[in-house]
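Fold and contact review
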Amino acid sequence: MEKEFMKYDRQRDEMVRKQIQARGITDAKVLAAMRKVPRHLFVNEALIDQAYGDYPLPIGEQQTISQPYIVAEMTQALQLNEEDRVLEIGTGSGYQAAILAEIVFRVYTVERIHTLFTKTRKLFDMLRYHNIVTRYSDGTFGWKDESPFDAIIVTAGSPDIPAPLISQLAVGGRMIIPVGNQYSQELVKIYKDQKGIHITKLGGCRFVKLVGEHGWKES
Ligand code: SAH
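Computed from a prediction, not measured in an experiment: that's the story for all the values here.

Overview of the side chain of R12
On the secondary structure map, R12 appears in helix α1 (residues 2–21). On the basis of relative accessible area, R12 is assigned to the buried category, the value being 6%. A polar side-chain atom of R12 sits 2.8 Å from the main-chain carbonyl oxygen of R35.

A short note on the UniProt feature "active site" (unreviewed entry) in the chain
In the UniProt entry, the feature "active site" (unreviewed entry) is given for S66. With respect to the helices, strands and loops of the structure, S66 is situated in the loop between β2 (63–65) and α3 (68–77). Look at S66 and you get buried, because its relative accessible area is 17%. Leave out the neighbours within four places in its chain, and S66 touches R39, P56, V71 and F207.

Details of the packing of aromatic side chains
For any two aromatic rings, the description comes down to two numbers: the centre-to-centre distance and the angle of the planes. A full pass over the atoms with the stated rule returns five aromatic pairs. Arranged with centres 5.8 Å apart and planes meeting at 75°, the rings of F42 and Y95 form a pair that is edge-to-face. In this pair, F42 is assigned in the loop between α2 (28–36) and β1 (57–60) and Y95 in helix α4 (residues 95–103), connecting sequence segments 53 residues apart. Y95 matches F42 in its accessibility class, with the two residues each being buried. Plain terms: the ring middles of F117 and Y136 are 5.7 Å apart, the flat faces sit at 35° to each other, and that makes the pair tilted. Of this pair, F117 sits in helix α5 (residues 114–126) while Y136 sits in strand β5 (residues 132–136), and the two are 19 residues apart along the sequence. Accessibility expressed as a relative area gives 18% for F117, which makes it buried.

Some remarks on the pairing of strand β3 (residues 85–89)
Of all five residues making up β3, five are buried, and the element is well covered by its neighbours. Burial along β3 is two-sided: the residues R85, L87 and I89 and V86 and E88 are all buried. Pairing geometry for β3 and strand β4 (residues 106–111), over five bridges, is parallel. Opposite R85, over in β4, you have R106 as the bridge partner. Each parallel crossover has a hand, and for β3 linked through α4 to β4 it is right-handed. Two elements, β3 and strand β6 (residues 149–154), share four bridges in a ladder whose sense is parallel. Following the sheet pairing, I89 is matched in β6 by V154.

What counts, and where the lines are drawn
- Residues numbered from 1 in each chain as written.
- Predicted model: local features only at pLDDT ≥ 70, side-chain atom pairs only at ≥ 80, totals over all residues.
- Heavy atoms only, no water.
- Helix = DSSP H or I, 4+ residues; strand = E, 2+ residues; numbered from the N terminus.
- Buried < 20%, exposed > 50% of the residue type's maximum accessible area, 1.4 Å probe, protein only.
- Polar contact = N/O pair within 3.5 Å; in protein donor to acceptor, adjacent residues only side chain to side chain.
- UniProt positions renumbered as here; feature names shortened; annotations may be inferred.
- Contact = heavy atoms within 4.5 Å.
- Phe/Tyr/Trp six-rings, centres within 6.5 Å; stacked < 30°, edge-to-face > 60°.
- Pairing = 2+ DSSP bridges.
- Right-handed = clockwise from strand over helix to strand, strands pointing away.

In structure tokens form, the structure reads like this:
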């Protein structure tokens with residue numbers, strides 16, 4: 001058991017150096033979180049030895065846990081502060097939420113598939129992530145009662161930026177969302193100030209679909 005632990009520690013350290021730092025991620029808070037969160041506990045047991053590989057992995061229900069580098073890139077782009085309250089749409093395995101929870105005050109995460117929602121809620125409890133609040137619903141509506149948020153991260157691909165999410169972003173807030181068609185998207189960063197929103201594009205990516213009222217309609 002002890003030996004197993006050390007094996008994953010070593011793999012995680014190597015992941016951070018070769019996949020994350022080597023590709024230019026420099027935010028110390030992001031690097032520390034990626035070094036700490038036990039990614040192998042967020043994947044299905046059959047895939048545990050691939051947990052630190054440079055690729056996404058299936059998590060059931062035709063959904064995926066993102067590639068480690070994408071998680072790091074999106075998290076860095078959010079420019080997080082310790083006191084921030086962050087909304088995540090697409091809880092999935094819970095890995096991205098755990099990374100956020102290591103950095104900020106509180107994470108609000110929404111999932112629309114019930115089996116993933118319950119499984120991941122249990123994992124958060126087991127790992128004692130008391131600053132992650134979960135919700136089972138269509139996240140394209142955001143989480144109005146808890147808004148505004150200092151940062152919003154959408155971890156599924158959307159045809160457009162859902163309007164409720166823009167209105168639930170605080171002034172000074174940052175949002176990251178993959179926008180595009182079903183096969184490929186662009187990571188879009190939105191910054192909101194008194195005058196309105198400012199959009200920058202961070203490059204190509206590929207996510208599963210954001211399904212909901214302000215995303216892709218269920219087929
Ligand atoms: N952040 C996750 C990524 C999971 S993949 C992780 O670290 O593992 C994207 C997730 O978004 C899936 O679990 C999918 O069910 C969920 N999703 C898609 N549309 C959604 C919606 N409208 N509201 C909430 N979750 C949604």
